[in-house]
Amino acid sequence: MTVAYPFTAIVGQDDMKLALSIAAVDPSIGGVLVFGERGTGKSTTIRALAQLLPKIAAVKDCPYQCDPQTPSKSLCAQCQKTTPLKSHKIAIPVVDLPLGATEDRVLGALDIEKAIHNGEKAFQPGLLAAANRGFLYIDEVNLLEDHIVDALLDVAASGINVVEREGLSVRHPARFVLVGSGNPEEGELRPQLLDRFGLSLDVRTPRDIPTRVEIIKLRDAFDHDPEGFSKRFSRKEGALRRKIDTARTAVDAVDIPTEILEKAASLCLELGTDGLRGELTLIRSARALAALKGQDVATLQHLKQVALFVLRHRLRRDPMDESSADARVERAIATSLS
Amino acid sequence: MPTLVSNAQSQPHSPEPNGAGLWRDADLAAALIAVLGHTGGGVRVIAQPGPVRDFWLENLNSRIDQSARRVPGATPTERLIGGMDITESMRLGKPVLAQGVFAECHNRHIVLPMAERLPKEFTGHWCAAMDTGAVKVARDGLSQTSDAMITVIALDEGIDEETPPAALLERLSLSINLDEISIRCVDEPLFSKGDIKHAQERMDTVALDDTTLLLLTQLAASMGIHSIRVLRFAVIACKALTLLLETSETDDAVIHPIIRLIFLPRATHIPAPPEEPEPPEDTPPLPEESQQPDSAQQQGEHQEADETVQSAIAELPTDLLATLLKRAERSRMRQNKAGNSGQIAQDKHRGRPIGVRRGELKRGHRIDIPATLRAAAPFQAVRARWDTSHHQQASLYIEPQDIRVKRFEQRKSSVMIFAVDASGSSAHQRMAEAKGAIELLLADCYSHRTEVALISFKGESADLLLPPTRSLVRAKRTLAQLPGGGGTPMAAALQTIYDLATTVEATGATPTYVLLTDGASNVARDGTKSRAAGTEDALRVAKKVAATHYRGVLVDTAVRPSPRARELSSALDATYLPLPNASAQSINASIRALNEE
């Protein structure tokens, strides 16, 4: 419980690791959805990400970890009034949304204690406040209660959490990367929520024997001595952390040639994806990947590598179409991105 | 004592009663889970309630520090993971968290009775606690994480198709079946509490050699088990077993119980039997995905492990494999509905919570205390001032308009059963149109998230081609491949509809059926070809179906509306729709109307 399994010690699952790294580089991509069968290490990988994230500057004592560098209008109400802002370094928050969480804890609600004792109308921030500028992880996202999903969707779209309840009227920034995992056998995900994830992937357990033996060996070594094991990987972890950190600052400067923009557009057109969200995510993901690789121009290769993650969950679903979404995307990639 | 076990394992065909070996396995499972505790997840105990199961539980309890605590599957979320302690919160005037059952059972064993009835909405909580060894609470204005390393003894009393939720089963390392064990075979535990303690203390000192690891990996692959979690279970169970048996090497005495307790109950296919003459370059009977390591040394290791796989498989009784396989198949079939059975759909205070609303105190409503307190909080000062009663001032003023009640919904899924007459008479006439109509209906089912099942009847029997599924692609493909020809075994078809519909209803879903036929019944129940006997049998079964009040539609596929089909539909108490007038849309509309009634 105390030490999480190191991200770099995860054998295989390269797609999942890549997608999570991309989302860490550019939070505006809009999160990652990991669907897969049981026992594939979905939760392990996502929890491992938390240790890998670089530190960020935040306003001291702000419940929403406001960024002291941003223009004042995107700060929370309290920080807007305060000058000068005291800043300190914090770890990027990774907040777990546990199953069975109630709306008042997710969105925040009236602080009962203060209200009853002092008659004071105080807001008790919820999990969305804690996740601002970080990650919100929902394990078993397909089992989440509908009314919580609705609330989440709205906040994820606007980046602002508006609480109008019990006489309170609070707005606070809530920009977070939504990371969800689930097992498709246990229930479907509503299409609206599906679309909200920037990247989506389908994970399977590695089937070849040597890889499986390797996984078990490493896991065994970890269970035996978690601290020692993590120390063994600390150099690798540090290297990846620096890579992500560098990419986070470099991503805005990555150039996207017009040709790549056109290719992305024609790919989305070919697949008939709804709206512009797919196209936008495609470009951003390619850019983040280029930044992650230390390059300053996004190429066709980058686009190809992210296209499946970005588009596979955005196709209009035809219940009678026998070909899988993946096959359709791959076909379109072959024709449009050649 | 170690010798005792290995003897039993190496002589599966000994003359002693069959149950004795099974009991030893069960007893071994109890010892293993006592050693492993939380890391082993738990045990699935397939057994009807009875003395054997009681004895097994007693044996388990005698070997663990604190007796296992019984937690019914219906225990609601706030009790499982914890929630607001209402009396304390009222007393102190601030939210106080009450620990849930999981946190209370930290480092303990939990007995989950009737695991096959575990409601779907609670399964996630059990799984989360088993995975992380902790419970995270974010409810009622409180957030907390507490340790909850629980070990679950899931009592599975399911008969026929009832199985515990697949997500739970995945997390229970061991599986035993006590149903075949006679009370005479029941014995005192092989390992004492001291043995268990001793093994537990040394768990960290055992390292597993590469050969065993490879062997376990190959065994899992050969039985089609892909989950890494299961493989990890096997590895730690293997360690625990070597400690219990006090052996230094992992031989058959260790591997065989692991196969029986962990791998076999999950096997998705029977491993290929060992081939008699074994040329060295022969590929091992593993799934194609498995890759061969390149180095010669690894190859040698591989070979050795491979032989052990073969010998281990050869040891297994084939009928056992077959039954286990059937069970596995069934549990896969039912995965979506497992544990959700038999609940009343309109129940006001069960199901998934869907939020809170303003409400009143009346029967059948559950009050949401935190929400109520929040609603009352802003008015406390005002109400205290206006409190003109001469009694002592109340510490909290709650008025009717503050009351908030919880809202629940229980989703009732529905299953549409298509029964298609593929007999010669029907097939020639309007089979293509019937298929077209069904395809349209399928699209409608998709948008309503209805599951579909497909029955086809011709010749002498009716077959369930497709058990209830959401996969319309499968339904469509099955339909397209539907062969035609032969007699019309109407009675058998109706019986199959009846059986399937009752099974569907038992899982808590609503069955509806669509019967596409020309109504000509010419095969009787016993398979004889006779129009009179066929019709008579069909009408008899139809009455039985009618008595269940399942909603249904009979689509007459004859060229002209046939009186026989009309007669059958009135016996069935089903809506009659002749296909000449019935476009797919009108069938659709009438079925929709049925569902909305």
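Residues numbered from 1 in each chain as written. Chains lettered and ligands numbered in written order. Predicted model: local features only at pLDDT ≥ 70, side-chain atom pairs only at ≥ 80, totals over all residues.

## Structural notes on the confidence of the model for chain B
Residues and elements named next belong to chain B.
Right, so step 1: In this model, chain B carries an average pLDDT of 75, and 74% of its residues clear a pLDDT of 70 or more.
Right, so step 2: A low-confidence stretch, residues 1–15 (pLDDT under 50), is modelled with 21 contacts involving residues beyond four sequence positions or located in other chains.
Right, so step 3: Contacts for the low-pLDDT stretch residues 274–302, under 50 throughout, to residues beyond four places or in other chains number 31 contacts.
Right, so step 4: With a pTM of 0.70, the predicted complex shows an ipTM of 0.75. (pLDDT = per-residue confidence, 0-100. Contact = placed C-beta atoms within 7 Å.)

## A closer look at the confidence of the model for chain A
Right, so step 1: When pLDDT is averaged across chain A, the result is 85; 95% of the residues are at 70 or more.
Right, so step 2: Taken element by element, chain A is modelled with least confidence in helix α8 (residues 191–196) of chain A, mean pLDDT 74, and with most confidence in helix α11 (residues 234–250) of chain A, mean pLDDT 92. (Helix = DSSP H or I, 4+ residues; strand = E, 2+ residues; numbered from the N terminus.)

## Some remarks on unusual backbone geometry
Right, so step 1: Non-glycine residue A:Asp61 carries a positive phi angle of around 65°.
Right, so step 2: Here A:Asp61 shows up in the loop between β2 (55–59) and α3 (77–81).
Right, so step 3: We classify A:Asp61 as exposed; it has 10 C-beta atoms within 10 Å.
Right, so step 4: Although it is not a glycine, B:Asn107 sits at a positive phi angle of roughly 60°.
Right, so step 5: Turning to its location among the elements, B:Asn107 is positioned in the loop between α6 (101–104) and β5 (108–112).
Right, so step 6: Note on B:Asn107: 15 C-beta atoms within 10 Å, which makes it partly exposed. (Buried ≥ 20, exposed ≤ 12 C-beta atoms within 10 Å, placed from the backbone.)

## Quick notes on helix α7 (residues 146–158) of chain A
Residues and elements named next belong to chain A.
Right, so step 1: For α7, spanning 13 residues, the distance from its first C-alpha to its last is 19 Å, which sits close to the expected 18 Å at 1.5 Å a residue.
Right, so step 2: The complete set of buried residues in α7 reads Ile148, Leu152, Val155 and Ala156. The arc that holds every buried residue of α7, seen down its axis, measures 100°, which confines them to one face.
Right, so step 3: One or two positions beyond α7, positive phi appears at Gly159, with a value near 75°. (Expected span 1.5 Å × (residues − 1). Arc of directions from axis to C-beta.)

## With respect to the pairing of strand β1 (residues 32–36) of chain A
All names here are of chain A.
Right, so step 1: The buried fraction of β1 amounts to four of the five residues, a majority that puts the element mostly inside the structure.
Right, so step 2: Across five bridges, β1 lies against strand β11 (residues 199–203) in parallel orientation. Looking at the pairing, Val34 lines up with Leu201 of β11.
Right, so step 3: Where β1 meets strand β10 (residues 177–182), four bridges bridge the pair, whose relative direction is parallel. When the sheet's bridge partners are listed, Val34 is paired in β10 with Ser181. (Pairing = 2+ DSSP bridges.)

## Describing the nonpolar core
Residues and elements named next belong to chain B.
Right, so step 1: One finds Leu32, Ala234, Ala237, Ile258 and Phe263 to be the most contacted residues of the largest nonpolar core, which totals 202 residues.
Right, so step 2: Ranked by the residues each element gives to this core, the list is headed by helix α11 (residues 228–245), at 14 residues.
Right, so step 3: The contacts of Ala234, once residues within four sequence positions are left out, are Leu216, Ala220, Ile258, Ile262 and Phe263.
Right, so step 4: In this structure, Ala437, Val523, Ala542 and Ala558 belong to the second largest nonpolar core, which totals 51 residues. (Core = buried A, V, L, I, M, F, W, Y, C linked by C-beta atoms within 7 Å.)

## Digging into the interface of chain A and chain B
Right, so step 1: If you look at the interface, chain A gives 53 residues, while chain B gives 61 residues.
Right, so step 2: Every element with two or more residues in the side of chain A that touches chain B is listed here: α4 (103–107), β5 (108–110), α5 (112–118), α7 and α9 (209–224) of chain A.
Right, so step 3: With ten residues, α9(A) is the single largest residue contributor to the side of chain A that touches chain B.
Right, so step 4: The class makeup of the residues in the side of chain A that touches chain B is 18 nonpolar, 14 polar and 21 charged. (Nonpolar A, V, L, I, M, F, W, Y, C, P; charged D, E, K, R; others polar.)

## Description of the packing of helix α9 (residues 193–202) of chain B against α11(B)
All names here are of chain B.
Right, so step 1: Look at α9 against α11: their axes get within 9 Å of each other, and the N-to-C directions meet at 130°. The orientation of α9 with respect to α11, classified from their angle, is oblique. Of the two possible hands of crossing, α9 and α11 adopt the one that is right-handed. Only Ala240, Leu243 and Leu244 of α11 make contact with α9, whose side of the interface consists of Asp195, Ala199 and Arg202.
Right, so step 2: Residues of the contact of α9 with α11, tallied by class, amount to four nonpolar, no polar and two charged. (Axes fitted to C-alpha atoms, helices over the stretch in contact; angles between N-to-C directions. Parallel < 35°, antiparallel > 145°, perpendicular 65-115°, else oblique. Left-handed = near helix turned anticlockwise from the far one by under 90°.)

## Comments concerning the sheet that holds strand β8 (residues 150–156) of chain B
Residues and elements named next belong to chain B.
Right, so step 1: In space, the five strands of this open sheet follow the order β2-β5-β8-β1-β9, with parallel pairing throughout. Looking at the sheet topology across the chains shown, the edges are occupied by β2 (69–70) and β9 (174–177).
Right, so step 2: Looking at chain direction, strand β1 (residues 42–46) and β8 are connected through five bridges and run parallel. Across the sheet, residue Ile46 finds its bridge partner in β8, namely Asp156.

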